[in-house]
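Structural overview
Here is how the chains run, residue by residue.
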Amino acid sequence: MSSIIQLLPDHVANQIAAGEVVQRPASVVKELLENAVDANASDIKLIIKEAGKVMVQVIDNGKGMSVTDSRLCFERHATSKIRLAEDLFSLNTKGFRGEALASIAAIAHVEMKTKQDQEELGTQIIIEGSKFVSQEAAVLPKGTSFAVKNLFFNIPARRNFLKSDSVEFRHIVDEFHRVALAHPSIYFTFYHNGSEMFNLPGSSLRQRIVNIFSGKTNEKLVPVQEETEIVSIQGFVSKPEFAKKSRGEQFFFVNDRFIKSGYLHHAVMAAYEGILRDGAQPSYFLYLTVPPNTIDINIHPTKTEIKFDDEHALYAILRSSIKHSLGQFNVAPVLDFDRDSNLDTPYNYKDLKGETPTIQVDSTFNPFSDDKVNKHYASASSYKKPEPTASWESLYVGLKQETHFQSAATNLSFETEEVTGSLFNDEEVEHAVQNVYQIHKKYIVSPIKSGMVIVDQQRAHQRVLYEQFLTNMTVQQASSQQLLFPLDLFFSSSEMELIDDLKLSLINTGFVFEVAPDNAHVVISGIPVNITESEVSMVLEQLLSDLEDGIPENSFSQNDTIAKSMAKSLAVKTGTSLTVKEQENLVNGLFACKDPNVSPFQKPTFITMRVEDLDKKFAL
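Quick caveat, the model's predicted, so the values are computed rather than measured. (Residues numbered from 1 in each chain as written. Predicted model: local features only at pLDDT ≥ 70, side-chain atom pairs only at ≥ 80, totals over all residues. Heavy atoms only, no water.)

Across the sheet, five strands lie side by side as β9-β10-β13-β11-β12; this open sheet has mixed pairing. Each having just a single partner strand, β9 (221–227) and β12 (257–259) make up the two edges of the open sheet. Strand-to-strand twist across the sheet, computed as the mean angle between neighbouring axes with direction ignored, equals 20 degrees. In this structure, strand β10 (residues 232–238) lies alongside strand β13 (residues 284–289), joined through six bridges in antiparallel fashion. Note on β13: the bridge partner recorded for Val237 is Tyr284. Here helix α6 (residues 165–182) sits on the sheet in contact with β11 (250–254), β12 and β13, set at roughly 50 degrees to β11. Sitting on the sheet, helix α7 (residues 205–213) touches β9, β10, β11 and β13, and the angle it makes with β10 is about 35 degrees. (Pairing = 2+ DSSP bridges. Helix = DSSP H or I, 4+ residues; strand = E, 2+ residues; numbered from the N terminus. Axes fitted to C-alpha atoms, helices over the stretch in contact; angles between N-to-C directions. Contact = heavy atoms within 4.5 Å.)

Enumeration over the complete set of coordinates arrives at 17 aromatic pairs. Between Phe253 and Tyr287, the aromatic rings sit 4.7 Å apart at their centres with planes inclined by 15 degrees, giving stacked as the arrangement. Taken together, the residues Phe253 in strand β11 and Tyr287 in strand β13 connect sequence positions 34 residues apart. Here Phe253 falls in the buried class, since its relative accessible area comes to 0%. Overall, the relative accessible area of 7% leaves Tyr287 in the buried class. An aromatic cluster is defined as three or more aromatic residues linked by ring pairs; in this entry it consists of Phe213, Phe251, Phe253, Phe258, Phe285 and Tyr287. Cation over ring: Arg71 sits above Phe132, and NZ or CZ is 3.6 Å from the ring centre. The ring of Phe513 is capped by Lys503, whose NZ or CZ atom sits 6.0 Å from the centre of that ring. (Phe/Tyr/Trp six-rings, centres within 6.5 Å; stacked < 30°, edge-to-face > 60°. Buried < 20%, exposed > 50% of the residue type's maximum accessible area, 1.4 Å probe, protein only. Lys NZ or Arg CZ within 6 Å of the ring centre and 35° of its normal.)

Okay, here's the thing in structure tokens:
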């Protein structure tokens with residue numbers, strides 16, 4: 001019988017590996033930026049065209065590669081990062097598998113230029129779909145430049161599954177943030193379609209965070225620092241009042257490598273227990289340094305998952321250090337009600353020794369000197385009694401003369417009989433009976449002819465608001481209330497791009513705003529009439545969170561998404577007590593809707609219960 005197992009050709013194996021390593025343009029950005037960091041570069045440029053679908057280019061001033069290395073780096077499992085299997089437990093570099101460049105070259109057109117500092121000439125290599133097209137010597141600056149063009153040109157199915165440009169660009173920005181935050185000492189610049197998106201000179205960690213996430217971030221940050229034998233923790237967490245609904249600004253770094261860990265995230269949330277609003281998510285930028293032999297990075301192709309030797313100890317240390325920082329900077333409340341906060345010693349002054357106060361003496365001072373007394377005290381003869389002011393009656397002197405109007409008014413006659421009757425007799429007036437009732441601050445019960453209707457107050461209000469917003473945006477121009485003092489709301493660069501794309505739809509909703517010259521915040525001067533000033537920030541945060549997966553292409557879908565998001569944010573929540581009038585208005589508003597049966601998210605808003613159904617319940 002003939003054998004059926006055979007070795008795959010290299011170009012097929014590379015395309016299979018590319019399916020794991022390169023999922024979208026952001027994966028290429030991650031691999032190339034990490035290679036530039038591993039090359040000890042101090043200046044890295046990222047250039048993107050059309051969200052990476054046309055080109056991704058990374059230019060660095062690192063140590064470069066020799067002629068042999070430049071050709072060998074595109075082979076599978078060829079790497080400069082490790083030599084032995086034991087090296088996996090002492091990793092100090094980003095990459096180690098040697099698969100990224102081979103996988104990228106298998107599904108794109110790659111042009112690489114590289115030169116070492118001591119060499120006179122560099123090397124230029126062009127590869128198209130794993131095939132070497134050319135290799136030439138060239139005059140180049142020190143460092144390496146990778147240009148990856150036409151991603152997935154030979155796998156059209158993968159290219160068709162890519163999302164819209166705005167979504168792919170957001171993923172690229174996320175990867176850029178992760179590398180830039182891990183290495184604040186490196187100068188990063190980022191260009192998209194010819195315009196500069198980020199310019200981040202080497203700086204401290206705090207300054208790097210502020211440069212990426214706008215200047216307003218500085219006042220939100222609380223420093224965290226802890227040194228133990230197991231782990232060294234440093235970084236920043238946000239104050240509880242700045243927590244958002246979305247989980248955008250949450251970063252864990254282990255040995256300068258970005259990771260995702262639900263377990264460590266739970267430790268952070270446990271530290272904030274009791275001081276966060278429901279559903280709010282704090283921002284954090286936490287850097288953990290552990291011995292390399294206590295972690296295993298080789299878990300997932302993207303290398304964002306890590307196994308720790310002692311997760312429980314890490315959890316406890318992280319939770320306690322964040323709690324300590326929140327308490328140390330008076331962010332968390334203290335349960336000592338008799339304590340005078342004015343007598344607190346600042347944390348930074350606890351180890352300082354007191355200094356002897358300096359005393360200044362005025363040797364010329366004479367308390368019995370006459371001129372001193374005259375300066376400060378008036379003599380008894382100079383004291384004058386204040387003159388009495390006129391009484392309040394003097395204000396009305398001269399107003400008692402009778403005017404022509406007053407004399408004419410005395411000649412007028414009036415009907416002496418008062419009309420005291422009413423349309424109905426008192427006994428005929430029936431007091432209004434309460435027709436609606438609220439149960440458990442969640443449901444509203446209203447009687448109807450056949451029985452009763454039970455309404456979910458939150459879903460019903462969502463339906464009412466949704467149809468109101470949709471009508472304002474599509475049928476008529478929404479009315480707007482002007483603010484006496486404009487609101488300044490700060491957003492990240494990616495959020496600012498989203499707001500710019502949604503500008504027309506937001507104006508149709510009733511928002512009046514303009515983008516500030518620094519392109520880091522918006523100035524809101526008008527808001528829709530059914531939104532209060534305190535709810536504006538929450539509504540926009542929820543909207544940006546809902547649009548993380550991309551803005552719909554056609555205008556109706558945009559308006560529909562915005563209306564749903566705003567209705568979800570502003571609807572009355574479960575657990576809110578409503579007055580009888582509010583309950584009646586909500587029920588009447590629901591049944592005036594075009595589709596009162598379901599909420600905007602296709603969940604039932606009410607159920608009916610007939611009298612016959614109740615009779616059956618009581619039947620023996």
